[in-house]
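Chains, contacts and geometry: an overview
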Amino acid sequence: DVDSRLGVQLNYSLGSQFELVAQAIAKKRAQYAVGTDALEWAYASYRPNADWTLRAGRVNLDVFLMADYRNVGYGFMTARPPVEFYAMLPTTLDGADVARSWLQGDAQWRVKLMVGTARIGDFESTKASRVRSVIGGMVSREEGGLLLRASYAHTRIALDHSATQPALDGLAQLG
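Described in the following lines is the structure provided in the data block. Please read all numbers here as calculations on a predicted model, not as lab measurements.

1. So, the overall build of the protein
Scanning the protein for helices and strands turns up two helices and eight strands. The linear arrangement of helices and strands in the protein, starting from the amino end, is β-β-β-β-α-β-β-β-β-α. Considering only contacts in the protein between residues 6 or more positions apart, those separated by 24 or more positions represent 46%.

And the structure:
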């Protein structure tokens, strides 16, 4: 049911600098979900050198710690990610990102900037809400098994309030 996942990922390398990636996840989705929502990643990647990566298409929204493995159960410390934080957050970003990685001493640094749009909603939603104008960034430092990570995202969310309209109309009549 909610915790079941079946996934497949395909990577196709077009030489040392270009790569095509697609990842599909079969899982229980909200009522508003469409068939293409199963395609969680679908992007083209370009690496001009070992330090830089540019990606365009449907990429992961890299603004929280579990961004790369939210759908892989063995990566979780609990049965599922905390719903208080992760329930309404989008899992993918339709857009682009650019990342730079480098070593400084024994520390691995990584900085990423991202832009795009996304869809959100809960299991009871019949219509998805649109997350527009996503602009974000992430910086991380890993050394000796310790990962420090900070991220920021700014967006505009267009929520669908049609399901709550009858309750709002009833409250308005109380006035």
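2. A short note on the pattern of salt bridges
Pairing is possible between side chains of opposite charge, provided their charged atoms come close. For the coordinates displayed, the defined rule picks out eight salt bridges. For the salt bridge of D97 with R55, the shortest nitrogen-to-oxygen distance reads 2.6 Å. Of this pair, D97 sits in strand 5 (residues 92-104) while R55 sits in strand 4 (residues 52-60), placing them 42 residues apart in sequence. There is no split in this pair, since D97 and R55 are both buried. Between D62 and R149 there is a salt bridge, and its shortest N-O distance comes to 2.0 Å. Highlighted residues: D62 in the loop between strand 4 and helix 1 (83-86) and R149 in strand 8 (residues 146-158), separated in sequence by 87 residues. Look at the salt bridges and you will find they share partners, linking R55, D62, D97, R110, K112 and R149 into a network.

3. Digging into the packing of aromatic side chains
Working definition: an aromatic ring pair is given by the centre-to-centre distance plus the angle between the planes. Summed over all chains, the structure comprises three aromatic pairs. Between the aromatic rings of W102 and W109, the centroid separation amounts to 6.1 Å while the plane-to-plane angle is 5°, which identifies the pairing as stacked. Look at W102 and you get partly exposed, because its relative accessible area is 24%. Above the ring of Y43, the side-chain terminus of R55 is found at 4.6 Å from the ring centroid.

4. Regarding a nonpolar patch on the surface
Residues Y12, L14, F18, L20, Y46, W52 and L54 make up a contiguous nonpolar surface patch of roughly 660 Å² in combined accessible area. Sorting the residues of the nonpolar patch by element identifies strand 1 (6-14), strand 2 (18-26) and strand 4 as the ones contributing at least two each. Within the fold, F18 resides in strand 2.

5. Some remarks on the sheet that holds strand 1
Strands sit in the order 1-2-3-4-5-6-7-8 across an open sheet of eight strands; the sheet is antiparallel. Strands with a single pairing partner mark the edges of an open sheet, and in this sheet they are strand 1 and strand 8. Neighbour-to-neighbour, the strand axes of this sheet turn through a mean angle of 15°, independent of strand direction.

6. Regarding the environment of A42
Along the chain, A42 falls in strand 3 (residues 39-46). A sequence separation of 14 residues divides A42 from A56, and the C-alpha atoms of the two residues are 8.5 Å apart. When sequence neighbours within four positions are dropped, the list of residues in contact with A42 reads V21, A22, A56, G57 and R58.

Parameters at a glance
Residues numbered from 1 in each chain as written. Predicted model: local features only at pLDDT ≥ 70, side-chain atom pairs only at ≥ 80, totals over all residues. Heavy atoms only, no water. Helix = DSSP H or I, 4+ residues; strand = E, 2+ residues; numbered from the N terminus. Contact = heavy atoms within 4.5 Å. Salt bridge = Lys/Arg side-chain N within 4 Å of Asp/Glu carboxyl O. Buried < 20%, exposed > 50% of the residue type's maximum accessible area, 1.4 Å probe, protein only. Phe/Tyr/Trp six-rings, centres within 6.5 Å; stacked < 30°, edge-to-face > 60°. Lys NZ or Arg CZ within 6 Å of the ring centre and 35° of its normal. Patch = residues over 30% accessible without salt bridge, like charges linked within 9 Å, V, L, I, M, F, W, Y side chains within 5 Å. Areas by Shrake-Rupley, 256 points an atom, 1.4 Å probe, with all protein chains shown as cover. Pairing = 2+ DSSP bridges. Axes fitted to C-alpha atoms, helices over the stretch in contact; angles between N-to-C directions.

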